[in-house]
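Reading the structure
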Amino acid sequence: ALFAPTALLAVVAVLVALLGAGYALLFYGFGARDLPAALAFSASAISTLGFANPGNAPALVILSVLAAMSAAATIALLIGYLPTVFQAFQQREQA
């Protein structure tokens, strides 16, 4: 009975982690100092906290904005998907 909610939360966590890892590699490729700094930039952009400054390079600033926007869009799509999954779960339980 707990597998479905746990699996849905795990999917969200895995997607956000993969998004963060992907953007960290992009930050590293576009000239971040090192991989830990790229991970910090990625986490800062994805969480939209803005605690890490990637620098003044235009590519890094644009990438930071894209990371923040895509993370917000991913979370919004997943939240919109949850009612559909819940409805399918209820129909399965009633049958």
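Just so it is clear, the structure is predicted and the values come from calculations on it, not from any experiment.

Details of the environment of Ala76
With respect to the helices and strands, Ala76 occurs in helix H3 (residues 58-94). For Ala76, a relative accessible area of 46% gives the class partly exposed. Considered as a pair, Ala76 and Asn53 are 23 residues apart in the sequence and their alpha carbons are 25 Å apart.

Comments concerning the nonpolar core
Within the largest apolar cluster, 13 residues are counted, with the highest numbers of intra-cluster contacts made by Tyr23, Phe27, Ala32, Phe41, Ile46 and Ala67. Where this core is concerned, the elements lending two or more residues are helix H1 (3-29), helix H2 (35-46) and H3. The element best represented in this core is H2, accounting for 5 residues. Apart from residues no more than four positions distant in its own chain, Ala67 is found in contact with Tyr23, Ala45 and Ile46.

Here's the deal with the packing of H1 against H2
Running from amino to carboxyl end, H1 crosses H2 at an angle of 130°, the nearest separation of the two axes being 8 Å. In terms of their interaxial angle, H1 and H2 are classed as oblique. For the element pair H1 and H2, the recorded crossing hand is right-handed. Where H1 approaches H2, its residues Val16, Leu19, Gly20, Tyr23, Ala24, Leu25, Phe27 and Tyr28 are matched on the opposing element by Leu35, Ala38, Leu39, Phe41, Ser42 and Ile46. Looking at side-chain class alone, the contact of H1 with H2 contains 12 nonpolar, 2 polar and no charged residues.

Rules behind the numbers
Residues numbered from 1 in each chain as written. Predicted model: local features only at pLDDT ≥ 70, side-chain atom pairs only at ≥ 80, totals over all residues. Heavy atoms only, no water. Helix = DSSP H or I, 4+ residues; strand = E, 2+ residues; numbered from the N terminus. Buried < 20%, exposed > 50% of the residue type's maximum accessible area, 1.4 Å probe, protein only. Core = buried A, V, L, I, M, F, W, Y, C linked by side-chain atoms within 4.5 Å. Contact = heavy atoms within 4.5 Å. Axes fitted to C-alpha atoms, helices over the stretch in contact; angles between N-to-C directions. Parallel < 35°, antiparallel > 145°, perpendicular 65-115°, else oblique. Left-handed = near helix turned anticlockwise from the far one by under 90°. Nonpolar A, V, L, I, M, F, W, Y, C, P; charged D, E, K, R; others polar.

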